[in-house]
Structure formats: C-alpha cells, structure tokens
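Here are the chains, one letter per residue:
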Amino acid sequence: MIMDGKSVAKKIRQDIKQEISGMKVKPGLAVVQVGDNAASNVYIRLKEKACKEVGIDLRLVKLQESVPEERLLADIEKLNDDDRIHGMLVQLPLPKHINVERVLSAVDPDKDVDGFNPVNVGLLAVGEPRFVPATPKGVMRLLDEYKIPIEGRNAVVVGRSNIVGKPLAAMLLARHATVTICHSRTKDLVEVTKRADILAVAVGRPGMIKKEHVKKGAVVVDVGITEVDGNLKGDVAFDEVEPIASHITPVPGGVGPMTIAMLLESTKEAAK
Ligand code: NDP
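This is a predicted model, so every value here is computed, not measured.

### Points about the nonpolar core
Then, in step 1: Of all hydrophobic cores here, the largest spans 49 residues; its most connected members are Leu29, Leu143, Leu172 and Val221.
Then, in step 2: Per element, the largest residue contribution to this core is nine residues, and it comes from helix H10 (residues 255-271).
Then, in step 3: Residues from two domains meet in this core; each of domain 1 (24-109) and domain 2 (134-256) gives at least three.
Then, in step 4: Ignoring sequence-local partners within four residues, the contact set of Val221 consists of Met3, Val139, Leu143, Leu199, Ala200, Val201, Thr249 and Val255.
Then, in step 5: In this structure, Ile76, Ile85, Val90 and Val103 belong to the second largest nonpolar core, which totals 20 residues.

### With respect to the environment of Lys215
Then, in step 1: Note on placement: Lys215 falls in the loop between strand E6 (198-201) and strand E7 (219-222).
Then, in step 2: Residues Lys215 and Gly152, spaced 63 residues apart in sequence, show a C-alpha to C-alpha distance of 17 Å.
Then, in step 3: Filtering out sequence-adjacent residues up to four positions away, Lys215 remains in contact with Lys194, Arg195, Ala196, Asp197 and Ile244.

### Comments concerning the domain arrangement of the chain
Then, in step 1: Annotation of the chain at the domain level lists domain 1 (24-109) and domain 2 (134-256).
Then, in step 2: Centre-to-centre separation of domain 1 and domain 2, based on C-alpha positions: 29 Å.

### Digging into the sheet that holds strand E1 (residues 28-34)
Then, in step 1: As summarised here, the arrangement of the three strands in space is E2-E1-E3, forming an open sheet in which the pairing is parallel. Edge positions in the open sheet fall to strand E2 (57-63) and strand E3 (87-90), since each of these has one partner strand only. In this sheet, adjacent strand axes meet at a mean angle of 15° when their direction is disregarded.
Then, in step 2: Packed onto the sheet, helix H2 (residues 38-54) meets E1, E2 and E3 and runs at close to 160° relative to E2.

### Some points on the packing of helix H6 (residues 134-145) against helix H7 (residues 165-174)
Pairs of packed helices are described in terms of their axes, by the angle between the two and the distance that separates them.
Then, in step 1: Two numbers describe how H6 lies on H7: the axes approach to 9 Å, and their chain directions differ by 40°. The orientation of H6 with respect to H7, classified from their angle, is oblique. For H6 against H7, the interelement crossing comes out right-handed. On the side of H6, the interface is formed by Pro136, Lys137, Val139, Met140 and Leu143, while H7 contributes Pro167, Leu168, Met171 and Leu172.
Then, in step 2: Looking at the contact of H6 with H7 residue by residue, the classes come out as eight nonpolar, no polar and one charged.

### Quick word on the site of the ligand
Then, in step 1: Residues in close proximity to the ligand total 19 residues, the closest being Arg160, Ser161, Ser184, Ile225 and Thr259.
Then, in step 2: Contact between the ligand and Ser161: an oxygen atom at 2.5 Å from a side-chain N or O atom of the residue.
Then, in step 3: Between a nitrogen atom of the ligand and a main-chain N or O atom of His183, the distance comes to 3.5 Å.
Then, in step 4: Protein chains shield 70% of the accessible area of the ligand, which is 930 Å² for the free molecule.
Then, in step 5: Per-element tally for the shell around the ligand: the top contributor is H10, with three residues.
Then, in step 6: Its residues placed into classes, the shell around the ligand shows eight nonpolar, nine polar and two charged.

### Overview of the pattern of salt bridges
Then, in step 1: Going through the model one piece at a time under the given rule, you end up with 20 salt bridges.
Then, in step 2: The shortest N-O distance in the salt bridge between Lys11 and Asp15 comes to 2.9 Å. In this pair, Lys11 and Asp15 both sit in helix H1 (residues 5-21), four residues apart, roughly one turn of the helix.
Then, in step 3: Accessibility expressed as a relative area gives 41% for Asp15, which makes it partly exposed.
Then, in step 4: Between Arg13 and Glu53 there is a salt bridge; the shortest N-O distance is 3.1 Å. With Arg13 in helix H1 and Glu53 in helix H2, this pair connects stretches of sequence that are 40 residues apart.
Then, in step 5: When its relative accessible area of 19% is taken as the criterion, Arg13 is described as buried.
Then, in step 6: Taken together, the salt bridges that share partners define one network made up of Glu19, Lys268, Glu269 and Lys272.

### Observations concerning the environment of Lys211
Then, in step 1: Considering the arrangement of structural elements, one finds Lys211 in the loop between E6 and E7.
Then, in step 2: Along the chain, Lys211 and Pro167 lie 44 residues apart, while their C-alpha atoms are 26 Å from each other.
Then, in step 3: Each residue touching Lys211, except ones within four places of it in the same chain, is listed here: Lys194, Glu240, Val241 and Ile244.

### A look at the environment of Arg205
Then, in step 1: Along the chain, the position of Arg205 falls in the loop between E6 and E7.
Then, in step 2: Given the relative accessible area of 56%, Arg205 is considered exposed.
Then, in step 3: For the pair Arg205 and Asp229, spaced 24 residues apart in sequence, the C-alpha separation works out to 14 Å.
Then, in step 4: Not counting residues up to four positions away in its chain, the partners in contact with Arg205 are Thr226, Gly234 and Asp235.

Reading the values: the criteria
Per chain, residue numbering runs from 1 following the sequence as it is written. Only residues with pLDDT of at least 70 get local features here, since the model is predicted, and only at 80 or more are side-chain atom pairs given and counted; chain-wide, interface and lining totals rely on the full set of residues. Neither water nor hydrogens contribute to the side-chain values; these are computed over all heavy atoms in the structure. Among buried residues, those of type Ala, Val, Leu, Ile, Met, Phe, Trp, Tyr and Cys that are joined through side-chain atoms within 4.5 Å constitute a nonpolar core. Summary of the burial criterion: residues with accessible area below 20% of their type's maximum are buried, those above 50% are exposed, and those between are partly exposed, where the area comes from a 1.4 Å probe applied to protein chains only. Helix numbering and strand numbering both begin at the N terminus, where a helix is a DSSP run of H or I of at least 4 residues and a strand a DSSP run of E of at least 2. Note that the domain bounds were set by an automatic or database domain assignment. The contact definition used throughout considers only heavy atoms, calling two residues in contact when any of these lie within 4.5 Å. In this description, strands pair whenever DSSP reports at least two bridges between them. The convention used is that axes are lines fitted to C-alpha atoms, helices contributing only their stretch in contact, and that angles between N-to-C directions extend from 0 to 180 degrees. Working definition: roughly parallel below 35 degrees, roughly antiparallel above 145 degrees, roughly perpendicular at 65 to 115 degrees, and oblique for all remaining angles. Should the near helix be turned counterclockwise from the far one by less than a right angle, the crossing is left-handed, whereas a clockwise turn marks it as right-handed. Only Asp, Glu, Lys and Arg are considered charged, only Ala, Val, Leu, Ile, Met, Phe, Trp, Tyr, Cys and Pro nonpolar, and every remaining residue, Gly among them, polar. One heavy atom suffices: a residue is near a molecule or strand as soon as one of its heavy atoms comes within 4 Å of it. Pairs of N or O atoms are called polar contacts if they sit within 3.5 Å, as long as, within protein, a hydrogen donor faces a hydrogen acceptor (for residues adjacent in sequence, only side-chain-to-side-chain pairs). Only the protein chains shown count as cover for residues, with accessible areas throughout obtained via the Shrake-Rupley method and a probe of 1.4 Å. Within this document, salt bridges are pairs made up of a side-chain nitrogen of Lys or Arg and a carboxyl oxygen of Asp or Glu, the two lying within 4 Å of each other.

Written out as structure tokens, the structure reads:
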C-alpha cells in the first residue's frame, strides 16, 4: 500500500484551518533566513503558501549572507520578545561564519516550532517531548494514520542527522520499537536493514535502498529528497521495493507534505 502523505497532509491542514478560525489569536510564525540559498527559497515559499491557506501570519526576516552573528542573535531576541510571534524557525543551512548551535539555542524554547533548541532536543531525549522536528513528527503521524503497529517491532533508521535520523529514532523508541540507527560507518547495511519491520531512510542518496535491503512485508518510509535531472528522487528504489513492502511512501508526495503540515500544527499549538 502506498502511504499517501499528500492526502493525509491535506486533511490535517483542513483540520488546522478549522481550529485556527475559532481561535481568538491569529498564530504568527517568524521565519529567519540568512542569505539567498535557492533550496531555502523554495522551502520558504511552500511554508508561506501553507501558512496563508490555514490562517497563520508568516513573517519572513531575511538577512544578508554576510550578516554578523551578533546581529542575527539580536534579531532572534527581538522575535522572542514579540507577542505577535508564537513560533519561530531559522532556515538552515546557515552561512559558514555563523555558529549554528549558538543560533538555534537563542530561539525561545517556547517558540521553537522546529524543535532544534537543545532544551527541546533534551526533552525529547528524556521522553517528555514538547516541540519536535517536523519531519520525524510527520513520519510518526503517517505511520499512525496507516495504523502501523510500532510497539515491539524492529525499526531501523538509516541516517543520524539532528534534523531527521536522531529525533526519529528517539520517537520510535518512545513508542517502544526496538530501534537500530545506521550511518555512513555502518558495516553490512543490508544485514541490518533486512531485519527491519519498519525501515526509515534519511540519507540523501537517490535509490540507495534496493530490494535486497528490505524484508518482505516491511513498512518503508523514504525521507530522502534529491533533485535528479529536474525530478525529485527518494533514497529508496521505489519500483523494485514497492512489490515486496507492505507499505511504502512515494517521493514526492510522501513525507515532504507531512513535514509542512506538522510545522503548521506546531505553530498552532504554540499560539494556543
Ligand atoms: P544529512 O546529510 O544531515 O545526513 C545524512 C545521513 O546519512 C548521515 O547521518 C550520514 O551518515 C548518513 N549516510 C550517508 N551515506 C550513507 C551510507 N552510504 N549508508 C548509510 N548512511 C549514510 O541529511 P538530512 O538528515 O538532513 O537529510 C537526509 C535526506 O532527507 C536528504 O535527502 C534531505 O533532502 C531529506 N530531507 C527531507 C525532508 C522532507 O521533508 N521530506 C526534510 C529534511 C530532509 P554520517 O552521520 O556517518 O555522515
């Protein structure tokens, strides 16, 4: 079965819109962008469109590529103190002269809808999540929408980034899966992924997961997005894995739309 993130996300956006229409305060989301990264521009445009549709005020704070770190931190501080801003995110990647950890730590944990402030990372790690990163949150919601059992199952996460792999592993663990995390130094990837009942891949290498990596009947979640010749490709070789998987996400139309829907949801929650 194809896990249709696009349709699920649409339904979630409709519910959010409905809820926001009954709220006294209009949720406000600040997006801080440094420089003019082409991919970031695309992601921000998608966020703007989605926010407008559900009734969230998105304020884009766009700073020059050369902005000094202190100025960026001062702008974040202003947004922390701004009552009309309930959620805030700093679009990554940041230019090399900026200390990413310092910047992410500066976002008020109560407005940190991306869940990248170490306070929120820590709360997830101790099993008391507040704001969590949107992509792994979207993966979990998609698994729940398709009623995939998680407790006691072998979950393998390929990729250990702070944005996807690590928080996803923490969320699966919190739901009592037996979790294995793979990365670039993992020896014999096939042997590990073959044991997965739930296989989630967030690497950024198009088509790297082939049928020999996947157990028959496994649930396969493809987080990867890479542009190849003008088309978006996932990390899973969809055509050969789909026939043996019980459930699989397509790229595009799988995890991507869920990510944006979860950002909207976290912003609405921050405002509430
Ligand atoms: P990163 O580059 O930060 O992390 C990639 C991870 O993959 C690393 O942990 C790396 O290991 C691991 N890796 C690299 N090569 C291999 C290999 N041969 N075998 C096993 N593991 C390997 O990427 P992100 O987590 O930020 O993103 C991953 C993918 O997900 C990208 O395609 C990105 O575009 C996509 N993405 C999609 C989103 C969505 O909304 N759908 C949102 C965010 C990301 P190591 O740590 O050892 O280097």
